[in-house]
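Descriptive structure summary
This is what each chain is made of:
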Amino acid sequence: MRHLLIAALLTLFVVPTAIAVEPDEIISDPALEARARALSKELRCMVCQNQSIDDSDAPLAHDLRVLVRERLQAGESDQQVIDFLVARYGEFVLLRPRLSWHTALLWFGPATILIIGTYGVLVLARRYRANRAVEQETLTAAEADRLAEILRGGQR
């Protein structure tokens, strides 16, 4: 029973770290393989969308991993491989899109929305406080007469 528990725990720790790179994809040159793995971690699987091609089991991810390795073996630099894939698939293939005019909304949109929302809440809070202060300070003529009567000690 104890061995079964240990095997189950080891499985829990090993399985999440498993990667999708298949043995037939691996390049024999360790330096090129390291570059290919680094690039694969930066590229989005077009099928899974929130996984890198390094982690994805999808057939398209396999094809992209092979393509990356082929281009590296052909002597291209990392930037040339990325530029080729961006030209073919668009900026979406990058897990971290480049900062440019058409991706500015991705980079600055959330912060802009947060700033506008904070400003709106502050404006509404000031208006609320100002309205409450005006309501508390201003008495109608009837209220002023009633207050004066109460302060004199008389009651209706």
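A few points on the structure. (Residues numbered from 1 in each chain as written. Predicted model: local features only at pLDDT ≥ 70, side-chain atom pairs only at ≥ 80, totals over all residues. Heavy atoms only, no water.)

1. Observations regarding the side chain of Ser 56
To keep things clear, this is the line we draw: Runs of E in the DSSP output that reach at least two residues are strands. Runs of H or I that reach at least four are helices, and both are numbered from the N terminus. We call a residue buried when its accessible area falls under 20% of the maximum for its residue type, exposed when it is over 50%, and partly exposed in between, using a 1.4 Å probe and counting protein chains only. Here a polar contact is taken to be a pair of N or O atoms separated by no more than 3.5 Å, where protein atoms must pair a possible hydrogen donor with a possible acceptor and residues adjacent in sequence count only if both atoms sit in side chains.
Inspection of the secondary structure puts Ser 56 in the loop between α2 (30-42) and α3 (59-73). Classification of Ser 56 as buried rests on a relative accessible area of 0%. At 3.1 Å, the side chain of Ser 56 forms a polar contact with the backbone nitrogen of Ala 58.

2. Re the nonpolar core
Where we set the bar: Throughout, nonpolar core names a set of buried Ala, Val, Leu, Ile, Met, Phe, Trp, Tyr and Cys residues whose side chains join them through atoms within 4.5 Å.
Membership of the largest hydrophobic core comes to 19 residues, with the highest contact counts inside it found for Leu 43, Ile 53, Val 68, Leu 72 and Leu 85. Broken down by secondary-structure element, the contributors of at least two residues to this core are α2, α3 and α4 (78-89). Residue contributions to this core peak at 5 residues, all from α3.

3. A closer look at the packing of aromatic side chains
Note the cut-off: Pairing of aromatic rings covers Phe, Tyr and Trp, the last through its six-membered ring, and needs centres within 6.5 Å; plane angles under 30 degrees mean stacked, over 60 mean edge-to-face, and all others mean tilted. Working rule: Lys NZ or Arg CZ, within 6 Å of ring centre, within 35 degrees of ring normal, means a charge sits over the ring.
This model, assessed by the stated rule, comprises 0 aromatic pairs. The ring of Phe 92 has Arg 44 sitting right over it, with the charged end atom 4.5 Å from the ring centre. In this structure, Arg 71 is placed above the aromatic ring of Phe 84, and the distance from its NZ or CZ to the ring centre is 3.5 Å.

4. Here we look at helix α6 (residues 141-152)
Side chains three or four residues apart in an α-helix point the same way, a direct result of the helix having 3.6 residues per turn. Quick reminder of the rule: One fewer than the residue count of a helix, multiplied by 1.5 Å, yields its expected span.
The terminal C-alpha atoms of α6, which comprises 12 residues, lie 17 Å apart, in line with the 16 Å expected from a rise of 1.5 Å per residue. Gly 153 sits one or two residues past α6 and shows a positive phi near 100°.

5. Focus: the environment of Asp 29
Of note, Asp 29 is situated in the loop between α1 (2-14) and α2. With relative accessibility at 35%, the residue Asp 29 sits in the partly exposed group. Residues Asp 29 and Gln 73, 44 residues apart in the sequence, show an inter-C-alpha distance of 9.3 Å. A distance of 3.2 Å separates the side chain of Asp 29 from the backbone nitrogen of Ala 31, its partner in a polar contact.

6. Quick word on the state of the cysteines
Threshold: Pairs of cysteine sulfur atoms within 2.5 Å are identified as disulfides in what follows.
Using the criterion set out here, one finds 0 disulfides in the structure. As a non-bridged cysteine, Cys 45 has Cys 48 as the owner of its nearest cysteine sulfur, 3.5 Å distant. A residue is classified by how much of its surface remains accessible, and Cys 45, at 1% relative accessible area, is buried.

Note that all results are geometric; they support no functional claim without further evidence.
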